[in-house]
Amino acid sequence: MSFAENTFSRCYLNKSIAARQSTNTEESAANPLKAVQFTKDLNGIYLTLIVRSTTLNSDKKGVTITLKNGMKIFRPKEKINVEYDGGYVYMSFMKLTPNEIKKMMGSAIINFRLYHHNKVVEMKTRSNALHELRQLASNGM
């Protein structure tokens, strides 16, 4: 992960945690700490994956993404960041390859694993993330 990517991912996570701490709502659709989020800059499209856990595992690597059509995307060397927010928040921020983007545009993410922390993606989140990716990809990819 480049310095710029790492800075962006840490900034995203810290802003999301701060925004959630400033409200008294439980985790819901209004929660700014999204499990799956796509972003885009001049260098490409990025995917942020977040999962909460009560178990601490630092300096671990490995991301597995499962799509609705059964395909999997493996990133065994992908770095996972961890922060503490009343529990452990694990996050992976990765630049997607054109092949990964194509796969994800054809089928929604149904679950993912960061090291050994699993997250099942809710139906509404799947739909929103897929729509988000398709919009980003159609705008000049």
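Right above here is the structure, for reference.
Residues numbered from 1 in each chain as written. Predicted model: local features only at pLDDT ≥ 70, side-chain atom pairs only at ≥ 80, totals over all residues. Heavy atoms only, no water.

Asker: Just to check I follow, could you spell out the overall build of the protein for this structure?
Answerer: Tallying secondary structure elements over the protein gives three helices and eight strands in all. Out of the 141 residues belonging to the protein, those deemed buried represent 44%. Here the contacts in the protein between residues at least 6 apart in sequence split such that 65% fall between residues at least 24 apart. (Helix = DSSP H or I, 4+ residues; strand = E, 2+ residues; numbered from the N terminus. Buried < 20%, exposed > 50% of the residue type's maximum accessible area, 1.4 Å probe, protein only. Contact = heavy atoms within 4.5 Å.)

Asker: Help me understand helix α2 (residues 98-106) in this model?
Answerer: Since the α-helix turns once every 3.6 residues, residues separated by three or four places project in the same direction. Listing the buried residues of α2 in full gives Glu100, Ile101 and Met104. Around the axis of α2, the buried residues are gathered within 100° of arc, so they sit on the same side. Set apart from the buried face of α2 by more than 90 degrees, the exposed residues are Pro98, Lys102 and Gly106. (Arc of directions from axis to C-beta.)

Asker: So what exactly am I meant to see when it comes to helix α3 (residues 123-138) here?
Answerer: Counted at 1.5 Å a residue, the expected span for α3 with its 16 residues is 22 Å, and the 23 Å between its end C-alpha atoms agrees. Within α3 the residues assigned to the buried category are Arg126, Ala129, Leu130, Glu132, Leu133, Leu136 and Ala137. Taken down its axis, α3 places every buried residue within 160° of arc, on the same side. Exposed and facing more than 90 degrees away from the buried side of α3 are Met123, Lys124 and Ser138. Next to the buried residues of α3 lie β1 (36-41), β2 (44-53), α2 and β7 (109-114). (Expected span 1.5 Å × (residues − 1).)

Asker: Sorry if this is basic, but what is going on with the pairing of strand β4 (residues 72-79) here?
Answerer: In the case of a regular strand, side chains alternate between the two sheet surfaces. Across five bridges, the pairing between strand β3 (residues 61-67) and β4 is antiparallel. Its bridge partner being in β4, threonine 64 is matched across the sheet by phenylalanine 74. Where β3 hands over to β4, the hairpin turn is made up of four residues, of which glycine 70 adopts a positive phi near 95°. (Pairing = 2+ DSSP bridges.)

Asker: Which parts of the structure should I look at to understand the side chain of threonine 66?
Answerer: Among the secondary structure elements, threonine 66 is positioned in strand β3. With sequence-adjacent residues up to four places away left out, threonine 66 is seen in contact with Met71, Lys72, Ala108, Ile109, Ile110 and Asn111.

Asker: Sorry if this is basic, but what is going on with the environment of methionine 94 here?
Answerer: Note that methionine 94 resides in strand β6 (residues 88-95). The spacing of methionine 94 and isoleucine 45 is 49 residues in sequence and 8.6 Å in space, taken between C-alpha atoms.

Asker: Please clarify how the environment of methionine 71 should be interpreted in this entry.
Answerer: Counting through the fold element by element, methionine 71 comes out in the loop between β3 and β4. As for methionine 71 and serine 107, which are separated by 36 residues in sequence, their C-alpha atoms are 8.6 Å apart.

Asker: Help me understand the sheet that holds strand β8 (residues 117-120), please; the structure alone is not making it clear to me.
Answerer: Pairing between the strands of a sheet is mediated by backbone hydrogen bonds and can be parallel or antiparallel. Here four strands make up an open sheet; going across it, the order is β4-β3-β7-β8 and the pairing antiparallel. The sheet is open, and its two edges are formed by β4 and β8, each paired on a single side. Across the sheet, the mean angle from the axis of one strand to that of its neighbour is 15°, orientation sign disregarded. As paired elements, β3 and β7 share five bridges and run antiparallel to each other. Within β7, the residue paired with threonine 64 across the bridge is arginine 113. (Axes fitted to C-alpha atoms, helices over the stretch in contact; angles between N-to-C directions.)

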